[in-house]
Each structure stands twice: as structure tokens, then as C-alpha cells.
Amino acid sequence: MKKIIALNLKMNLGYKEILDYIKTIQNKVTDNYEVIFFPTSIYLDLFKKSGYLVGAQNVHFENKGAYTGEISPYQLKSLGVDYTLVGHSERRLHFKENDILINEKVKGALKNQLKVILCVGETDEERLSNKTYSVIENQLKNNLQNIDLEDVTIAYEPVWAIGSGKTPTKDEIDEVVSFIKKKVKQENAIDIRVLYGGSVNKENIKDIMSIESVDGVLVGSSSIDPNYLISMIDIID
Ligand code: 13P
């Protein structure tokens, strides 16, 4: 199986900038990895029509209804969207998404054949009080309750590493990723893929991708400038 490069553009870039972005990456995206773009939802169709794998950054749990401003998994699927992120720490923090809601979202997405990348990870405070493993264990247990995990990938994103320029060491990443795999295997008897996310850049991508347990990366800031992105992927291609 190819390793994954998932690109979370978050809430960045205007319409004209996205058109330029897509032009800049044309014929430059490698086939050696499963590259998936997670742009703001209004641009999903542009990436899809240009032939890329695409994912939403967020999804509602119901297929339809009176939920002003939300996008349903059914709607995403009908657009040809392949993936959705669920439980990103920015959703947990700024939009107060709790474990029950996240579990519902994973279920709603899978029911519509959207593949899910579930984000888990500890805050700085939790890390400093040695709670990393218990926090992640709880997130896995609560977010994945009663779910068939075949189309689920986990992204280990330590909250303190996101947008901070700080990353765990290779050994630390390996330890947590291996822990996640072991836990999921114990509970669900399935081998799950696990990505690493948090301040991935040109300087560290080669090291991180070389960790055997790591099945890919979830990249934020380093995906916003398309020229930087292409030169970063070139390093590992
Ligand atoms: P940064 O790469 O900007 O740290 O963001 C990571 C992230 O949140 C990806 O989902």
C-alpha cells in the first residue's frame, strides 16, 4: 500500500488563488504516494475535476435536514469526495466537538462510503502531565465505538505540534503510532493505518516518512504555498 500524503489547507486561499494553486501543481503531483487534498469545501469540486483525490475538513453526521451552514456526508459523496477528516483538534477546540459528536460523524461518513481520517492527539498540558497515552486511548475508545474500521485511518496530531514548528522526536512518533496500532488491533482485530501530523515541513518530512510504523503525513501550513509543497514532496519522491 502506498504511503499517504494528506494536505489540509484549512481556511486558506481565495478563489483566484486556488485556481493558480491547481495550475501550479498540474502534472507535478507524484504517483508514488496517495496524495489527498483537503481544501475548504467550496473548492472540493475544482480539485476533483482536476483529477485529484479529495477530502472534506469536516462533515455533519446527518444526510440532510435543517442544519444551516453544514455539509452532509451524502452531499460530499454525491460530489465525488473520497475522504473526510473527523475530530481535528481545531474542531474539538474552537467548535467544541466532543467525543459523542465525533463518533456520530465517523458513523455518518462511513455510511456514505466516505473514508475517514480520524485525528487524535494530546495537548501540551496533557503531555507535560504524562497523559499522552491515556488521552489517546480514550479518544480511540470513544470516537470509534461501534464502528467498522475498514475505511478508517488515524492521524496522530499532537496539538502542541500543530502550527508551532515543534515536533516530537522520531522515536516519540514511533512510540505513539505503534501504541495506536496496538490498541486498535487489541480492540478491533484490525491493522489500521496511522499518519503523523504537526509541523511537517521540508526539513523533517524525510525523517518522518522513514519511520516504519508511520503510514503517511497530514500536512497543514506547508501545503498552502504550492511551490513549497511540490519541492517538499520532491524530497521524498
Ligand atoms: P501544521 O502542519 O500547520 O502544523 O498543521 C497540521 C495540521 O493540523 C494538519 O491537519
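Our subject is the structure that appears above.
Residues numbered from 1 in each chain as written. Predicted model: local features only at pLDDT ≥ 70, side-chain atom pairs only at ≥ 80, totals over all residues. Heavy atoms only, no water.

Another aspect to go through is the overall build of the protein chain. Counting its secondary structure elements, the protein chain contains 10 helices and 8 strands. Taking 18 Å as the expected radius of gyration for a compact globule of 237 residues, we find that the protein chain reaches 17 Å, a close match to that expectation. Dimensions of the protein chain along its principal axes, counting C-alpha atoms only, are 45 × 45 × 30 Å. By the burial criterion, 50% of the 237 residues in the protein chain qualify as buried. Counting only contacts in the protein chain whose residues sit at least 6 apart along the sequence, the fraction spanning at least 24 positions is 71%. Counting only carbon and sulfur atoms, one obtains 48% of the accessible surface of the protein chain, whose full area is about 11800 Å². In the protein chain, 29 positive and 34 negative side-chain charges are present, and the distance between their average locations comes to 3 Å. (Helix = DSSP H or I, 4+ residues; strand = E, 2+ residues; numbered from the N terminus. Rg over C-alpha atoms; globule rule 2.2 N^0.38 Å. Buried < 20%, exposed > 50% of the residue type's maximum accessible area, 1.4 Å probe, protein only. Contact = heavy atoms within 4.5 Å. Areas by Shrake-Rupley, 256 points an atom, 1.4 Å probe, with all protein chains shown as cover. Lys, Arg positive; Asp, Glu negative; His and termini not counted. Charge placed at Lys NZ, Arg CZ, Asp CG, Glu CD.)

Once that is clear, we can look at the site of the ligand. N8, K10, H88, E157, A161, I162, G163, G198, S199, L218, G220 and S221 make up every residue found near the ligand. Between H88 and the ligand, the recorded distance is 2.8 Å, taken from a side-chain N or O atom to an oxygen atom. The separation between an oxygen atom of the ligand and a polar main-chain atom of S199 is 2.8 Å. (Near = heavy atom within 4 Å. Polar contact = N/O pair within 3.5 Å; in protein donor to acceptor, adjacent residues only side chain to side chain.)

Bringing the packing of aromatic side chains into the picture now. For the structure shown, the criterion picks out 9 aromatic pairs. When the ring of Y156 is compared with that of Y196, the centres are 6.3 Å apart and the planes differ by 65 degrees; the resulting orientation is edge-to-face. Remark: Y196 occurs in strand β7 (residues 193-197) and Y156 occurs in strand β6 (residues 152-156); sequence separation between them is 40 residues. Comparing Y156 with Y196 shows no difference in burial state: the two are buried. Three or more aromatic residues link up through ring pairs in this structure, and these residues are Y21, F37, F47 and Y52. Across the ring face of F95, the terminal group of R91 is positioned such that the distance to the ring centre comes to 4.0 Å. Positioned above the aromatic ring of W160 is the side chain of R127, whose terminal nitrogen or guanidinium carbon lies 3.9 Å from the ring centre. (Phe/Tyr/Trp six-rings, centres within 6.5 Å; stacked < 30°, edge-to-face > 60°. Lys NZ or Arg CZ within 6 Å of the ring centre and 35° of its normal.)

Core analysis: the biggest nonpolar cluster contains 60 residues, and I5, F37, F47, L118, V152, I154 and I180 have the highest contact counts within it. Formed by 11 residues, the second largest nonpolar core is a distinct cluster that contains A6, F38, A155 and L195. (Core = buried A, V, L, I, M, F, W, Y, C linked by side-chain atoms within 4.5 Å.)

Everything listed here is a matter of coordinates, which is why it stays silent on function.
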